[in-house]
Amino acid sequence: MQSNGLKRKKDEEINPHQHETKKIVRNDNTAPPNDIIDTAWEHYRSYLDSGDEANNSDGGGGGPEIQPDIDELYEIIDLLEKYVHMHTSDTSLQFLNSSASCDEHIKSSILSFPNDIKSLLPVLLSMVYLHLGDHAISEGFAENDEKQEDRQQHQLMHVEDYLRKSLSYFPFNAAALSMLANYQRMNMSASLEDICCAYDIAAKNARFVRDKSIEMLAQEQDDDEGEEDAMLIKEWVELLLLDGIAGSEYLGEDDVEKENDEEDICDGDDDGGRVYVNKQDDNAQEEKDEFSMSTVEATSSFMAALLYSTLQQHNEALFHLSKFDLTHRVHPNVWLAGTTKKLLSSNAERSLPKDIPFEPMCFTGEEVLPDHLYNRLCHVFSPSAMYWKETNYQNRGYFSFYEDICEQNKPKNLIDDVIINYLLPLAQLAVPSEKIVGYEFWTHTRPLRANLGHQMHFDTDEALLAQEKKVTHPIVSSVLYLTGNQDESERMAGSTIIFNQSPSSSDIAAEAYISHAQDKKYTIFPGCCLHGVLPCPGSIEQSNKAGKEKSVERLTLLVGFWTRRVPDKMLERHLYGPCSQLPVPDEENSWVQEIMEGYENGNSHQDILPYRMDDVESNLLPLVSPAWEDISTNVKSHKGTKLQVPTALDHRFFVKDASSCFRESLFKNETF
């Protein structure tokens, strides 16, 4: 459905620059006729249907990728915007916070929960602009030259303009505010403190909108004449407020256990994470509607907890964590140690658990790796290198490459040269009596400006775990920091944290080792140890500095050394899977050609073997204690149904049962 006004509306009224001179002509005395409202709603339903179709398509078959039909959204704007007033032009955090913090009665009056469809029109337009903002974000991720030219030609609104206009129509749109906060975090267009505040407000509003919507749906209709209107309002409330803004899903009776005792509205303290609403139908029979807890509140609260932790505001983080079913969090001292040398001890009395074979240590100095090899690695794995595109790094699951270590053989490629001649001798220092026969390597890159770190996990033989349920590890795991922190004092890249806790540990880790990221630093630790990377929140100042050198990211080469030949027990060995073979060096894998350049005849780029070990500076990693903090008392004191931890954001810095959950997760097909 497309009207002749669509092109005009895109070019004129959606253009923020033209808004300065051309204002929408509104009819202040006339509400939109019912037929216009009905047509606008048809457009919105059509947009939602197109979104479902896009989500269900796999993009296969060689056909064009299906996208939600945003023309439907422009039609709604064309129909309604001249009739519907914005609630406010002030979308500052100060205003949004004051609105979210006022008492229940005032919020309800501001919200004007509906007694007819027309009172929901601002919410509809708010959702329209939210969807347009979401679409603009998606386009930005996949933007090519043609799309950039199209944006410049039409002068379409910026992502933040769409989302702020969404909030202008409905300041309680928690989904819009949460999306705005995430966009600002990714682009560092606001301070981390302001972003935390936005997540805070979004969490409050999501809970409020959900609860008030369910309360409204529970109201009984007193007359039959309004039944049809009531059902239509119910549809609008469910799709706009509950599903769209709160992310609260209608599940239906089949998803709940039947109870013998009928209850009135539950206060939210049941164990199932559900709220029940009783209604009477024409036959006065009770039925129960079920709505899940708000996913927008869960996402906003979890992000607030994570970012408050990076800001060392741990009481604020704990308030949000108490909404989830958790028992432990990475101790505040560890968060602090990740960004400063405070609380770190290099000479403290150290005691290793029996299942931890050696203490983590690091090697620094120019002699760790010759400049010509270091520079080649940085080039092959730079953010713009073909490696990331050809391996489909962004969309592929975990993959690594396994190579045998053969004595007397010359290096086959750049990676082989670096690992066998430079990293292996350092790793062997920790386990001098072990015979290392092979190595596994993989790489990671993270933007400096804003990333959430890397989840806490164990390095394991993925194939043997899947085939025989056996948990095995490399004898030594290691990290070579390539780029991201040239000046160690700035702590721009996230620190690696290593806990003295293994899958066989019966207790939680008592201590955590901290490895601050520093270019050309090499860190080794027992392969059985729990480890991860703290978030790299960045700052506006650091973002501007990093932006001057666009190729700089937190780039690492990860190497696991094995005392057995891992592929021998693999039933299947897939290309770009765990312990994969190197791809064939061809046009589709030009990165392999690049690392083999100069090694075709068994030659090496080095003139002498390999360096003097005495010139490499080695140190035990500093440690901090305790590693975990028990927060179960705080969690239990928080009344109400617990929110579900968002899987996509769960980096296991906050967990339930820290002593066992990591081992148990190995057997639950969870990806780390």
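Reading guide: rules and limits
- Residues numbered from 1 in each chain as written.
- Predicted model: local features only at pLDDT ≥ 70, side-chain atom pairs only at ≥ 80, totals over all residues.
- Heavy atoms only, no water.
- Helix = DSSP H or I, 4+ residues; strand = E, 2+ residues; numbered from the N terminus.
- Buried < 20%, exposed > 50% of the residue type's maximum accessible area, 1.4 Å probe, protein only.
- Contact = heavy atoms within 4.5 Å.
- Areas by Shrake-Rupley, 256 points an atom, 1.4 Å probe, with all protein chains shown as cover.
- Core = buried A, V, L, I, M, F, W, Y, C linked by side-chain atoms within 4.5 Å.
- Expected span 1.5 Å × (residues − 1).
- Pairing = 2+ DSSP bridges.

Here's the deal with the overall build of the chain
Part 1 of the argument: Scanning the chain for helices and strands turns up 23 helices and 17 strands.
Part 2 of the argument: Sorting the 672 residues of the chain into buried and exposed places 53% on the buried side.
Part 3 of the argument: In the chain, the share of contacts with a sequence separation of at least 24, taken over all contacts with a separation of at least 6, comes to 82%.
Part 4 of the argument: For the chain, the exposed surface amounts to about 32000 Å²; the carbon and sulfur share of it is 45%.

Brief notes about the nonpolar core
Burial of nonpolar side chains together is a common tendency in soluble globular proteins.
Part 1 of the argument: Counting residues in hydrophobic clusters, the biggest one holds 112 residues, and the most contacted among them are Leu-80, Leu-124, Leu-132, Trp-236, Phe-499 and Trp-628.
Part 2 of the argument: Among the elements that take part in this core, helix α11 (residues 192-217) stands out by supplying 13 residues, more than any other.
Part 3 of the argument: Contacts of Leu-80, omitting those with residues within four sequence positions, involve Pro-32, Ile-36, Ala-40, Leu-121, Leu-124 and Leu-125.
Part 4 of the argument: Ranked by size, the runner-up nonpolar core spans 49 residues in total, among them Leu-369, Leu-377, Tyr-393 and Phe-401.

Concerning helix α4 (residues 71-80)
Side chains three or four residues apart in an α-helix point the same way, a direct result of the helix having 3.6 residues per turn.
Part 1 of the argument: Counting buried residues in α4 gives nine out of 10 residues, a clear majority hidden from the surface.
Part 2 of the argument: Along α4, the positions that sit buried rather than exposed are Glu-72, Leu-73, Tyr-74, Glu-75, Ile-76, Ile-77, Asp-78, Leu-79 and Leu-80.

A word on helix α10 (residues 174-187)
Part 1 of the argument: Over its 14 residues, α10 extends 20 Å from the first C-alpha to the last, a length consistent with the 20 Å expected when each residue adds 1.5 Å.
Part 2 of the argument: Counted residue by residue, α10 has 11 buried out of 14 residues, so it is predominantly covered.
Part 3 of the argument: Burial in α10 covers these residues: Ala-174, Ala-175, Ala-176, Leu-177, Ser-178, Met-179, Leu-180, Ala-181, Tyr-183, Gln-184 and Arg-185.
Part 4 of the argument: Phi turns positive, to about 50°, at Met-188, one or two residues after α10.

Overview of the sheet that holds strand β3 (residues 328-330)
Part 1 of the argument: Judged by pairing direction, the sheet is antiparallel, and its three strands sit side by side in the order β16-β3-β17 without closing on themselves. Edge positions in the sheet fall to β16 (628-630) and β17 (654-655), since each of these pairs with one other strand and no more.
Part 2 of the argument: For β3 and β17, the ladder comprises two bridges, and the chain directions are antiparallel. Across the sheet, Arg-329 pairs through a bridge with Phe-654, a residue of β17.

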